[in-house]
Amino acid sequence: MLDPAYIREHPDAVRRGARRKGIAFDVDRLLALDEERRRLTRLQEEARAEQKALGRQVATLAGPSRAQVLEHLAGLKARVQAHTEDLERVTTELDALLLACPNPPDEDAPDGPDEGANVELRRWGEVRDLGFAARDHVELMTGLGMLEVERAGRLAGSRSYVLKGPGALLEQAVLRLAQDVIVARGFVLLSVPVLVKEWTLRGTAYFPGAEEQTYRIANPTSDDEPYWLVGTSEVSVTALHGGEILDAAQLPLRYAGVSTCFRREAGTYGKDTRGVYRVHQFQKVEQVVVDVADDARSLAHHAAILDNAEEVLRRLELPYRVMAVAAGDLGRGARYKVDLEAWMPGRQAFGETHSATRFGDYQARRLNLRYRDTDGRVRFCHTLNNTVVASPRVLVALVEAHQQPDGSVRIPTALRPYLGGLEAIRAP
RNA sequence: GGAGGGAUGGCCGAGCGGUCGAAGGCACCGGUCUUGAAAACCGGCGUGCCCGAAAGGGUACCGGGGGUUCGAAUCCCUCUCCCUCCGCCA
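Cut-offs and rules
Think of each chain on its own: its residues are numbered from 1, step by step along the sequence as written. Here every chain gets a letter starting at A, and every ligand a number starting at 1, in the order they are written. In keeping with the predicted nature of the model, local features appear solely for residues at pLDDT of at least 70, side-chain atom pairs appear and are counted solely at 80 or more, and the whole-chain, interface and lining totals rest on all residues. The basis for every side-chain value is the complete set of non-hydrogen atoms in the structure, without hydrogens or water. Here a helix means four or more residues in a row that DSSP labels H or I, a strand means two or more in a row labelled E, and each is numbered from the N terminus. Summary of the burial criterion: residues with accessible area below 20% of their type's maximum are buried, those above 50% are exposed, and those between are partly exposed, where the area comes from a 1.4 Å probe applied to protein chains only. Here a residue-residue contact requires only that any non-hydrogen atoms of the pair lie within 4.5 Å. Using a 1.4 Å probe, accessible areas were evaluated by the Shrake-Rupley method; residue-level cover was limited to the displayed protein chains. Here Asp and Glu are counted as negative and Lys and Arg as positive; His is not counted, and neither are the chain ends. Charged groups are reduced to one reference atom each: NZ for lysine, CZ for arginine, CG for aspartic acid, CD for glutamic acid. Axes here refer to lines fitted to C-alpha atoms; in helices the fit is confined to the stretch in contact. Angles between the N-to-C directions go from 0 to 180 degrees. Here a crossing is called left-handed whenever its near helix is offset anticlockwise from the far helix by less than a right angle, and right-handed whenever the offset is clockwise. For this classification, the nonpolar set comprises Ala, Val, Leu, Ile, Met, Phe, Trp, Tyr, Cys and Pro, the charged set comprises Asp, Glu, Lys and Arg, and every other residue, Gly included, is treated as polar. Salt bridge criterion: a side-chain nitrogen from Lys or Arg within 4 Å of a carboxyl oxygen from Asp or Glu. Two strands pair if DSSP finds at least two bridges between them. Pairing of N or O atoms within 3.5 Å defines a polar contact, subject to two protein rules: one partner must be a possible hydrogen donor and the other a possible acceptor, and residues neighboring in sequence count only if both atoms are side-chain atoms. Among buried residues, the Ala, Val, Leu, Ile, Met, Phe, Trp, Tyr and Cys ones that are joined through side-chain atoms within 4.5 Å form a nonpolar core. By this rule, a helix spans an expected 1.5 Å times one less than how many residues it contains. Domain borders in the structure are assigned automatically or taken from a domain database. Throughout, the accessible surface (probe 1.4 Å) given up by two parts as they are put together, summed over both, is called the buried area.

*Asks:* I'd like to hear about the overall build of chain A, residue by residue, with values.
*Replies:* Secondary structure assignment for chain A yields twelve helices and 18 strands. Principal-axis analysis of the C-alpha atoms gives chain A an extent of 100 × 45 × 40 Å. The buried share among the 428 residues of chain A stands at 50%. Intrachain contacts of chain A at a sequence separation of at least 6 include 72% that bridge at least 24 residues. When the accessible surface of chain A is summed, it comes to about 20,400 Å², and 49% of that surface belongs to carbon and sulfur atoms. For chain A, the centre of its 57 positive side-chain charges and the centre of its 61 negative side-chain charges are spaced 2 Å apart.

In structure tokens form, the structure reads like this:
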């Protein structure tokens, strides 16, 4: 959400931001409603002030004068009621527009309508020819007894999987490595709820918009308040301090959430259907930073959380490229986003494994997440987040990049301590 | 699953349906006193929105939503959360 006062004062910046993101948005309608809201507020509050003053007199009056005042008050009550109803109607539409209003992208974000316009910033590692026909992760992992896809389908349908034996152990090893990296860098690990209330999803800017991508769980005692399964622990972690006024001295908060993530992947039929690249349920370690509203500090945090993620890929010895995400692919909330894409020989392509996002105060406003600044003023925080590691997608890159001619998979050195020193996974 | 109790400002804790944004205490900030500190004393000390250049004024908020009333922190309904006891269970 943007500051209504900011939209009022910089309507052109908001219009231009929406245009760059390719999101149709009616700024004029929002401004008109904002104007109307203020007009009605004034009328309603004036009537209330009179009502309050007269109401206080009622107690001291008796007889005809009391009856007269009561009669006048009845008229006032009707006026207040009418204004309140008008105000409610206007506020409902205005709030919906405010929630939908896109955060203008940073000037640094490349122009372009979709991911095809993403700009490569740099690369790490060498994408080298394996020297033999690359197998993809399904073939490799199935052959090594790491993965069951067909039986998993009987259990849970499409886009499900069973990690098995060395596959399951490898996943745990990767998750643990990622947690150790992020904790060593000063982040506090949080094991968080995956079943959450709706405000957390609105607050993190997933709703309205991503309802169809999210699993909804009926609440047996209240149909009005369903629960939802998070698609990322970013939701639970960022919303953790929602509604609070933090002390500037305790910022920045550096958190890493660990959780299972759930995504319906509606509308992706036929896309990435093979293997475990795109699935309904996966494990992820996610980093979140909450700090004061200072652009320079946000930029520094963004660089830091990006490096944290790169450190994980480097330790896994996975070549990757760093992509600045185009304005049209940022979504409504992000100001700036950088994706990391690891090389996946089975696809002969880079595949997205991380996504580092800077929101400014867009999420914080929705979450009512604030802090008291050193000057005593209350301000909205800035928030950022990035993946630390997500499995099983990272396993796709891992087994494909480290496959050997005989179908075995070499374990990168950094991962061996988590696997009892295992150097390679070989066919049983 | 059954029975009961509770939710008030950063914390604790009062609050006959009107003069309650809300007593009191703690914490915090400023001042007096002191060589300095402590103690004592004096003062300040919530958030949003509206009007205003500002000073300031208005309005809303006592877990959320709805209702009764001229008027609700106080009465009624409902939801959420917390606690106690019984039952069941990882």
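After that view of the structure, there is still more to cover.
*Asks:* Mind laying out the packing of helix H2 (residues 11-21) against helix H3 (residues 27-58), listing which residues take part and the relevant values?
*Replies:* Between H2 and H3, the least distance of the axes is 10 Å, while the angle of their chain directions is 140°. Crossing of H2 over H3 shows right-handed handedness. Two secondary-structure elements touch here, H2 through Pro11, Val14 and Arg15 and H3 through Val27, Asp28 and Leu31. Among the residues making up the contact of H2 with H3, the classes are represented as four nonpolar, no polar and two charged.

*Asks:* Hey, could you go over the pattern of salt bridges for me, with residue numbers and the actual values?
*Replies:* Following the criterion strictly, the structure yields 38 salt bridges and no others. With a shortest N-O distance of 3.8 Å, arginine 38 and aspartate 34 are connected by a salt bridge. One end of the pair is arginine 38 and the other is aspartate 34, both in helix H3 and four residues apart, which spans about a single turn. Accessibility expressed as a relative area gives 31% for arginine 38, which makes it partly exposed. Owing to a relative accessible area of 3%, aspartate 34 belongs among the buried residues under this scheme. A salt bridge links arginine 379 to aspartate 373, with the nearest nitrogen and oxygen atoms 2.7 Å apart. Look at the salt bridges and you will find they share partners, linking Arg122, Arg185, Asp307, Glu310, Glu311, Arg314 and Arg315 into a network.

*Asks:* A description of the sheet that holds strand E11 (residues 320-324) should follow, citing residues and the corresponding values.
*Replies:* Strand order in the open sheet formed by eight strands is E1-E11-E12-E13-E16-E10-E9-E4, and the pairing between neighbours is mixed. Each end of this open sheet is capped by a strand with a single partner; those strands are strand E1 (119-124) and strand E4 (188-191). With direction set aside, neighbouring strand axes in the sheet form an average angle of 25°. For strand E10 (residues 281-291) and strand E16 (residues 382-391), the ladder comprises nine bridges, and the chain directions are antiparallel. Within the sheet, the bridge partner assigned to aspartate 291 lies in E16 and is histidine 382.

*Asks:* Tell me about the environment of threonine 232, and name the residues and values.
*Replies:* Positionally, threonine 232 belongs in the loop between strand E7 (227-229) and helix H9 (234-239). For threonine 232 and alanine 47, which are 185 residues apart along the polypeptide, the C-alpha to C-alpha distance reads 47 Å. Here threonine 232 is in contact with Tyr206, Cys261, Arg263, Lys284 and Glu286, once residues within four sequence places are set aside. Polar contacts involving the side chain of threonine 232 include one to the main-chain amide nitrogen of glutamate 234, which spans 3.0 Å. Only 2.7 Å separates the side chain of threonine 232 from the side chain of lysine 284, close enough to count as a polar contact.

*Asks:* Describe the nonpolar core, and please don't skip the residues or the numbers.
*Replies:* Residues Leu170, Leu316 and Leu415 are the most contacted members of the largest nonpolar core, which totals 60 residues. The element best represented in this core is helix H7 (residues 166-184), accounting for eight residues. The residues touching leucine 316, leaving out its near neighbours within four places in the chain, are Val174, Leu177, Val394, Leu398, His402, Pro412 and Leu415.

*Asks:* Before we move on, could you go through helix H4 (residues 63-100) and cite the residues and values that matter?
*Replies:* For the α-helix, the turn length of 3.6 residues means that residues three or four positions removed from each other point alike. For H4, built from 38 residues, the straight-helix expectation of 56 Å at 1.5 Å per residue is met to within 8% by its first-to-last C-alpha distance of 55 Å. Among the residues of H4, Val69, Leu73, Leu76, Val80, His83, Leu87, Val90, Leu94, Leu97 and Leu98 are the ones counted as buried. On the buried face of H4, the contacting elements are helix H1 (4-9) and H3.

*Asks:* Run through the domain arrangement of chain A, naming residues and quoting values.
*Replies:* With domains assigned, chain A is organised as domain 1 (4-100) and domain 2 (115-425). On the domain 2 side, the residues contacting the five residues of domain 1 number eleven residues. Between domain 1 and domain 2 the total buried area reaches about 640 Å² when both faces are included, carbon and sulfur atoms providing 56% of it. Put simply, domain 1 and domain 2 have zero salt bridges between them. Summed over the shared surface of domain 1 and domain 2, the result is four residue pairs in polar contact (both at pLDDT 80 or more). Mapped by element, the contributors of at least two residues to the side of domain 1 that touches domain 2 are H2 and H4. Here the side of domain 1 that touches domain 2 is composed, by residue class, of three nonpolar, no polar and two charged.

*Asks:* An account of the pairing of strand E12 (residues 336-344) is requested, with residue identities and associated values reported.
*Replies:* Judged by how many residues are buried, E12 sits mostly within the fold: nine of nine residues are covered. Burial along E12 is two-sided: Tyr336, Val338, Leu340, Ala342 and Met344 and Lys337, Asp339, Glu341 and Trp343, pointing in opposite directions, are all buried. In terms of strand pairing, E12 meets strand E13 (residues 349-358) through nine bridges, oriented antiparallel. Looking across to E13, one finds that glutamate 341 is bridged to glutamate 352. Counting the residues between successive antiparallel strands, the hairpin from E12 to E13 contains four residues, one of them, glutamine 348, with a positive phi of roughly 50°.

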